[in-house]
Amino acid sequence: LILGLAASSIVFLSSYVGMVSFAQYLLLGVASFTIGNCVAESGKGLKLGLNPWLAVVLALVITTAVAFVLGALASRTTGIYFLMLTLTYAVIGYYVFGQVTSISGFGGITGVNPPGLFNTHPVRVYYAVLALSLLAYAGFRGLRRTPFGLSLEGIRDDSVRMSSLGFNVPIHRTLAFTLAGFVAGFAGVFNIWWHRQIAPNSVTLCPSIDLFIVA
């Protein structure tokens, strides 16, 4: 379900906007690393000692902001060029988390415990991710009937025509990528709660391709 939640963001971008992204696992990893740096009490990372629920808010905010920046950089590319650029994001993310030892290092972050509501309660984690998955499914389906969703489908079919009609195509693509990153951020939160650790190997090229296969 965690992988499925992240993969739904790939399906959304591909089917609604025609953007095939390999960066979604990186965004999942950004959320996981943020949680790890905020709450981990031992090992590497910043060890900020924040409240776990505050860490969730920070993780979602940071992941959404990163998605906005990456989406804005890639918003004017299409097709294979967009795909290769997002693939490059995944590789860059691996080296950033691996080489910046203050936030991780190649050994990663360990000893990350979820909040008391989910700690030692795996069934609660399951039902929480199940509920989020259903919410994401309903949200993406509902978005399709909104003016924003219809404009995304128009951009997917003919971006030049949509631009000539007055739509800001790069902004729409950026916002779609940001929304997909927000959903991937939720998957990242539960990813580190489930595994209780995160390492740069988790966000490199191979996991990104695996997630694309899931999608």
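Residues numbered from 1 in each chain as written. Predicted model: local features only at pLDDT ≥ 70, side-chain atom pairs only at ≥ 80, totals over all residues. Heavy atoms only, no water.

Chemist: I keep staring at the environment of W53 and nothing clicks. Help me out?
Modeler: Considering the arrangement of structural elements, one finds W53 in helix α3 (residues 52–74). For W53 and T204, which are 151 residues apart along the polypeptide, the C-alpha to C-alpha distance reads 27 Å. In this structure W53 touches P115, L117, F118 and W193, once residues within four positions along its chain are discounted. (Helix = DSSP H or I, 4+ residues; strand = E, 2+ residues; numbered from the N terminus. Contact = heavy atoms within 4.5 Å.)

Chemist: Honestly, the nonpolar core in this entry has me stumped. Any pointers?
Modeler: F12, L13, I35, F177, F190 and W193 are the most contacted members of the largest nonpolar core, which has 56 residues in total. Counting only elements with at least two residues in this core, the list comes to α1 (2–17), α2 (24–39), α3, α4 (79–99), α5 (122–143) and α8 (169–195). With near-sequence residues (within four places) excluded, F12 lies in contact with V17, F140, L143, L152, A176, L179 and A180. (Core = buried A, V, L, I, M, F, W, Y, C linked by side-chain atoms within 4.5 Å. Buried < 20%, exposed > 50% of the residue type's maximum accessible area, 1.4 Å probe, protein only.)

Chemist: Explanation requested: the packing of aromatic side chains in the structure shown.
Modeler: For any pair of aromatic rings, the description rests on two quantities: the centre-to-centre distance and the angle between the ring planes. Evaluated as defined, the whole model comprises 14 aromatic pairs. Pairing F118 with F190 gives two aromatic rings, centres 5.9 Å apart and planes at 75°, and the pair type is edge-to-face. Of this pair, F118 sits in the loop between α4 and α5 while F190 is found in helix α8, placing the two residues 72 residues apart along the sequence. Each member of the pair, F118 as well as F190, carries the same accessibility label: buried. Members of the aromatic cluster, each reached through a chain of ring pairs, are W53, F118, F190 and W193. (Phe/Tyr/Trp six-rings, centres within 6.5 Å; stacked < 30°, edge-to-face > 60°.)

Chemist: Would you mind going over the packing of α2 against α4 with me for this structure?
Modeler: Angle between the axes and distance between the axes are the two parameters that describe a pair of packed helices. At a minimum axis separation of 10 Å, α2 and α4 run at an interaxial angle of 25°. Comparing their axes, α4 and α2 come out roughly parallel. Where α2 approaches α4, its residues L26, V30 and F33 are matched on the opposing element by Y89, A90, G93 and F97. Broken down by class, the residue content of the contact of α2 with α4 amounts to 6 nonpolar, 1 polar and no charged. (Axes fitted to C-alpha atoms, helices over the stretch in contact; angles between N-to-C directions. Parallel < 35°, antiparallel > 145°, perpendicular 65-115°, else oblique. Nonpolar A, V, L, I, M, F, W, Y, C, P; charged D, E, K, R; others polar.)

Chemist: Mind showing me how you'd approach α8 here?
Modeler: Owing to its 3.6 residues per turn, the α-helix brings residues three or four apart onto one side. Along its 27 residues, α8 runs 39 Å from first to last C-alpha, staying within 8% of the 39 Å computed at 1.5 Å per residue. Across the 27 residues of α8, 20 count as buried, placing the element largely inside the fold. One side-chain oxygen at the N-terminal end of α8 lies 3.2 Å from the backbone nitrogen of I171; it belongs to N168. (Expected span 1.5 Å × (residues − 1). Polar contact = N/O pair within 3.5 Å; in protein donor to acceptor, adjacent residues only side chain to side chain.)

Chemist: What is the right way to look at the pattern of salt bridges in this model?
Modeler: Should their charged atoms come close, side chains of opposite charge can pair. Applying the stated criterion across every chain, the model contains 3 salt bridges. The salt bridge involving R144 is made with E153; its shortest N-O contact spans 2.5 Å. Residue class for R144 comes out partly exposed when judged on its relative accessible area of 35%. The residue D157 makes a salt bridge to R156 at a minimum N-O spacing of 3.0 Å. Judged by its relative accessible area of 32%, R156 is partly exposed. (Salt bridge = Lys/Arg side-chain N within 4 Å of Asp/Glu carboxyl O.)

Keep in mind these numbers describe shape, not what the thing actually does.
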